[in-house]
Amino acid sequence: MGSEIGLKDSLGLIYKDAVYGFIFWSIFQALAPMIWFYPLNELEISGYEAFAVAWLSPLLLLIPGLLNLMQNKKVLVCLRLLTIGTLASFQASSTLLRLIILSIGASVSMLILTVTLWSSDRWIRYRTFRGLVIGLHGVLASRIWFTTINPLWVNNSTNSMVIAFVVISIGADVFDVNSELEPAFKPQKWIYHWIPCGMGLGSLFFLTHLLCGEVSVVTRWTVKGYPDTGPLPLPSGAFVLLTAAAGSVVGVKSSNYCDLFTTVVLSCSTFILLFIENPYIAFMGGLCAVYLIMALWPAVIDKATQSHPIGCLTLAAAVYVLQVLFWVWTIAFNFVPYGEYTREHTDWLLACLGIFIIICFVTCRSTKKYTSLPEDNKNFVSKKYYNYAITIMMLTGLAGISWRYQKYNPGITAQTNSKVFSAGVWTYHFGYDNKGWPSLERTAKLINDSEVDVMTLLESDASKLFLGNNDLATWIAETLQMYVDFGPSTKDHTYGSLILSKYPIVKSTHHLLPSPEGELAPAITASIDIQGVVVDFVVTHMGNDRDEIDRAMQTEFLAAELKNTSNPAVFLGYMTTFPGSKNYWYMRKAGGVRDIDPEDDFRFCQYIFYKKLIRLGYARLSHGGLSDTEVQLAKFKIPDDPKSNFKDNKISTINSKHAKVDPAHVFSRKFGRFFQGEGNFDDHRYHMGTPKYFIS
């Protein structure tokens, strides 16, 4: 296309390119969580990790004749339509079928990227690159409006709506060229070697997914306890959005020294994000990293597209996969082979990323803008509106943040003039149900129906790329209008915990529990103002039960937290032990706490302890397939004077109509009534001899 194009055509092309880019990134970011679901369930290498080869599909172009076939316009149309069709994998009948369909989508999208990004036609290369960048900003903006979740992966309705929108928007359109595409890559002597280019491109893919997959990620890497939490997703995610857009608009100048300097500063910024404890300084390091990640895309793409496409993109995909696996190994070190060598070594990963990109720039020293800009005096209108498109995406995202910020008003449903409150604990399984589908909407309904005032969700840090970059704390808190405390931070290598509360959180401290041998364990000590009385909550998810030294040290730490508080206190935790065990009794005696139901011998892991409170009720809710763990609930009354001697309720009854059971203290009827045995229900119901009530 050697002639200038008009405004209308330019905007239309940008729009279609952005849609293609949105599809690519949506599939690219969705495959890792689907693969991770299997080892997550089995707590070991499952074999389904082999589906990661889907990203290596450019190797297929080595098959004789396949490249020529894909250069046919009609074939490319069919491949694009096939990719769009794989978006419906979300509605597959089984997890495995969904994984297979999504893997096909990832494979095909990588093949299309190879053919178009390495086309001998510079205009096609530029449009592909432009679509990738604008599409990524489109993903960021859409996730803001859907409260950190990609609308394709929220529920069947939004999935169908987005697919319909994509089909209506682009139909069977492909790049506006002749009936045949220009050869994807003519036989030639490539300027650069594909190995350093692939290393740099793969590392940039990983960094983009790691820190730029969703605007709340950087804030979750830096979060601290109340009252000085540091930057939170609302409204600080706006700064992440702004810096990402600025990086894409500005880009790296045509200078090898600038490229290298930018990479060095990027490496320093990621280490500031990782190691600096001050949340504001760490956040600034994260913003700098986001800006430079997006700014490096033009320079890296220009290098990559001047090397052999099959070798470069295949190696880039392999580097990306290996870096994702290393990121998994740093966190799941207790469940994977040789995990003791990678434990908590995100610093090694970040150093490797910087070195790979530096190698790319050192060995590829030309400053030629081969792909990232159109030719001089050609298509200048489209070039101009490329920046406008990014700005529009940014403004759309900012509008979403503003709308959410205005709407978020936590605590409005809290009970008034009552010193009775309920508390619950649930090991949440990262927002995915037992079949691998998102569980957020059903979670919100369950918590709302339970009428719980304070709930802790364990295994709840899904801000990692292999868990979808989803901010579960933000989504649930905004949906239910509750206060939330998330911690420890994502960079602390735990599976995460959070506290939801209808009452204001006055103060909190995030802990990494002692763990010399096993997995890292998170804990939070939070003070919550319940009708003018401060109640302390200690929540935790201990590590694996096979590491006895870890469990003992963690128990000692938590017992000390409970003992040292002078306020009424509730322990909501996953202790990885049976009732009556040594650690169980140590927690009770050293912590000075009581068990909500010491007669319940059919528990493992989840416990509710308390002190300086009057127990009113206890219930166990079946998980209903929403997690691998049930929900436990308790009701308490704050004594008029918690510091004086008061009488706790000692008699238990399952008769909610007992004369001494206040109707206001009865658990929600939405889950049925008393059920004696273990309920393997498809929905959520009381079971295990609950609910029961305690009277004097």
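As the structure is a computational prediction, the values presented were derived from the model and not from experiment. (Residues numbered from 1 in each chain as written. Predicted model: local features only at pLDDT ≥ 70, side-chain atom pairs only at ≥ 80, totals over all residues. Heavy atoms only, no water.)

(A) Region of the structure containing the overall build of the chain. Helix and strand counts for the chain come out as 19 helices and 14 strands. Over its C-alpha atoms the chain spans a radius of gyration of 27 Å, differing by no more than 12% from the 26 Å that the globule rule assigns to 696 residues. With the C-alpha coordinates of the chain rotated into their principal frame, the extents come out at 90 × 45 × 45 Å. Looking at the 696 residues of the chain, the share that counts as buried comes to 64%. Considering only contacts within the chain whose residues lie at least 6 apart along the sequence, 77% involve residues at least 24 apart. Accessible surface, the chain as shown: approximately 26,000 Å² in total, 60% of it carbon and sulfur. One way to put it: in the chain the 58 positive side-chain charges average out to a point 4 Å from where the 56 negative ones average out. (Helix = DSSP H or I, 4+ residues; strand = E, 2+ residues; numbered from the N terminus. Rg over C-alpha atoms; globule rule 2.2 N^0.38 Å. Buried < 20%, exposed > 50% of the residue type's maximum accessible area, 1.4 Å probe, protein only. Contact = heavy atoms within 4.5 Å. Areas by Shrake-Rupley, 256 points an atom, 1.4 Å probe, with all protein chains shown as cover. Lys, Arg positive; Asp, Glu negative; His and termini not counted. Charge placed at Lys NZ, Arg CZ, Asp CG, Glu CD.)

(B) Focus on the side chain of Ser 508. By the element assignment, Ser 508 lies in strand S5 (residues 505-513). Note on Ser 508: relative accessible area 5%, which makes it buried. A polar atom in the side chain of Ser 508 sits 2.7 Å from the backbone nitrogen of Tyr 226. Polar contacts involving the side chain of Ser 508 include one to the side chain of Asp 485, which spans 2.8 Å. Residues contacting Ser 508, with those up to four places away along its chain left out, are Gly 225, Tyr 226, Asp 485, Ile 524, Thr 525 and Ala 526. (Polar contact = N/O pair within 3.5 Å; in protein donor to acceptor, adjacent residues only side chain to side chain.)

(C) Examining the packing of helix H12 (residues 309-331) against helix H14 (residues 346-363) more closely. Viewed as axis vectors pointing N to C, H12 and H14 meet at an angle of 160°, and their least axial separation amounts to 9 Å. As judged from the angle between their axes, H12 and H14 are roughly antiparallel. Here the hand of the crossing between H12 and H14 comes out left-handed. Across the interface between the two elements, Val 319, Gln 323, Phe 326, Trp 327 and Thr 330 of H12 pack against Thr 346, Trp 348, Leu 349, Leu 353 and Phe 356 of H14. Considering only residue class, the contact of H12 with H14 consists of seven nonpolar, three polar and no charged. (Axes fitted to C-alpha atoms, helices over the stretch in contact; angles between N-to-C directions. Parallel < 35°, antiparallel > 145°, perpendicular 65-115°, else oblique. Left-handed = near helix turned anticlockwise from the far one by under 90°. Nonpolar A, V, L, I, M, F, W, Y, C, P; charged D, E, K, R; others polar.)

(D) Looking closely at the side chain of Asn 583. With respect to the element layout, Asn 583 can be found in helix H19 (residues 582-591). Excluding residues that lie within four positions of it along the chain, Asn 583 makes contacts with Arg 551, Ala 552, Thr 555 and Met 575.

(E) Summary view of the nonpolar core. Trp 55, Leu 201, Phe 205 and Trp 297 are the most contacted members of the largest nonpolar core, which totals 155 residues. Ranked by residue count, the leading element in this core is helix H1 (residues 7-42), at 20 residues. Other than its neighbours up to four places away in sequence, Leu 201 contacts Trp 118, Trp 297, Val 300, Ile 301, Ala 304, Cys 312, Leu 313 and Ala 316. Residues Val 425, Val 454, Ile 528 and Ile 638 belong to the second largest nonpolar core, which totals 30 residues. (Core = buried A, V, L, I, M, F, W, Y, C linked by side-chain atoms within 4.5 Å.)

(F) Representation of the pattern of salt bridges in the model. Evaluation of the coordinates by the stated rule reveals 18 salt bridges. The residue Glu 344 makes a salt bridge to Arg 343 at a minimum N-O spacing of 2.9 Å. The exposure class assigned to Glu 344 is partly exposed, which follows from its relative accessible area of 32%. Taking relative accessible area as the criterion, Arg 343 reaches 16% and is therefore assigned buried. (Salt bridge = Lys/Arg side-chain N within 4 Å of Asp/Glu carboxyl O.)

(G) Spatial organisation of the sheet that holds strand S2 (residues 454-458). With respect to topology, eight strands assemble into an open sheet ordered S3-S4-S2-S1-S12-S11-S14-S13, the strand pairing being mixed. The two strands at the open ends of the sheet, each matched to only one other strand, are strand S3 (483-487) and strand S13 (651-653). Across the sheet, the mean angle from the axis of one strand to that of its neighbour is 15°, orientation sign disregarded. Across seven bridges, the pairing between strand S11 (residues 614-621) and strand S12 (residues 631-637) is antiparallel. (Pairing = 2+ DSSP bridges.)

(H) Here's a closer look at a nonpolar patch on the surface. A surface patch of nonpolar side chains, about 290 Å² in accessible area, is lined by Leu 82, Leu 96, Ile 100 and Ile 104. Considering each element in turn, the nonpolar patch owes the most residues, three residues, to helix H4 (residues 95-117). Within the secondary structure, Leu 96 is located in helix H4. (Patch = residues over 30% accessible without salt bridge, like charges linked within 9 Å, V, L, I, M, F, W, Y side chains within 5 Å.)

(I) Helix H17 (residues 472-480), seen in detail. Of all nine residues in H17, eight are buried, a share of seventy percent or more. Every buried residue of H17 is accounted for by Leu 472, Ala 473, Thr 474, Trp 475, Ile 476, Ala 477, Glu 478 and Leu 480. Trailing H17 by a residue or two, Gln 481 shows a phi angle of about 55°, which is positive.

(J) Local environment of the confidence of the model for the chain. Per-residue confidence for the chain gives a mean pLDDT of 91, with 92% of residues at or over 70. For residues 174-180, every residue scores under 50 in pLDDT, and the model assigns this stretch 21 contacts once sequence neighbours within four places are set aside. (pLDDT = per-residue confidence, 0-100.)

(K) Structural view of helix H7 (residues 194-212). The end-to-end C-alpha distance of H7, which contains 19 residues, comes to 25 Å, matching closely the 27 Å that a straight helix rising 1.5 Å per residue would cover. The element H7 is largely enclosed, with a buried count of 17 among its 19 residues. (Expected span 1.5 Å × (residues − 1).)

(L) Here's a closer look at the sheet that holds strand S10 (residues 606-611). Judged by pairing direction, the sheet is mixed, and its six strands sit side by side in the order S5-S6-S7-S8-S10-S9 without closing on themselves. A single partner strand is all that each edge strand has here, and the edge strands are S5 and strand S9 (594-595). One ladder, built from eight bridges, connects strand S6 (residues 521-530) with strand S7 (residues 533-541); its direction is antiparallel. Following the sheet pairing, Ser 527 is matched in S7 by Asp 536. Packed on one face of the sheet, H19 meets strand S8 (569-574), S9 and S10 and runs near 15° to S10.

(M) Structural detail: the packing of H4 against H12. Running from amino to carboxyl end, H4 crosses H12 at an angle of 140°, the nearest separation of the two axes being 10 Å. Taken together, H4 and H12 sit at an angle that is classed as oblique. For H4 against H12, the interelement crossing comes out right-handed. In this structure, H4 contributes Met 110, Leu 113 and Thr 114 to the contact, and H12 contributes Pro 309, Leu 313 and Ala 317. Grouping the amino acids of the contact of H4 with H12 by side-chain chemistry returns five nonpolar, one polar and no charged.

(N) Summary view of the environment of Asp 17. Of note, Asp 17 is situated in helix H1. A relative accessible area of 2% places Asp 17 in the buried class.

(O) Quick look at the state of the cysteines. What the rule picks out here adds up to zero disulfides. Just so you know, Cys 212 is unpaired, no disulfide at all, and the nearest cysteine sulfur is the one on Cys 288, 12 Å from it. (Disulfide = S-S within 2.5 Å.)

(P) How the structure looks around the packing of aromatic side chains. Enumeration over the complete set of coordinates arrives at 40 aromatic pairs. Ring geometry for Tyr 15 versus Phe 165: centroids 6.4 Å apart, planes at 85°, classification edge-to-face. With Tyr 15 in helix H1 and Phe 165 in helix H6 (residues 156-170), this residue pair connects regions lying 150 residues apart in the sequence. Ring geometry for Trp 36 and Phe 466: centres 4.9 Å apart, planes at 65°, overall edge-to-face. Of this pair, Trp 36 sits in helix H1 while Phe 466 is found in the loop between S2 and H17, placing the two residues 430 residues apart along the sequence. (Phe/Tyr/Trp six-rings, centres within 6.5 Å; stacked < 30°, edge-to-face > 60°.)

(Q) The arrangement of unusual backbone geometry in detail. The residue after Tyr 226, namely Pro 227, is reached through a cis peptide bond having omega 0°. For Pro 227, the position within the fold is in the loop between helix H8 (217-222) and helix H9 (233-250). Note the cis peptide between Leu 234 and Pro 235, where omega equals 5°. By the secondary structure assignment, Pro 235 is in helix H9. Phi is positive for Asn 469, which is not a glycine, with a value near 55°.

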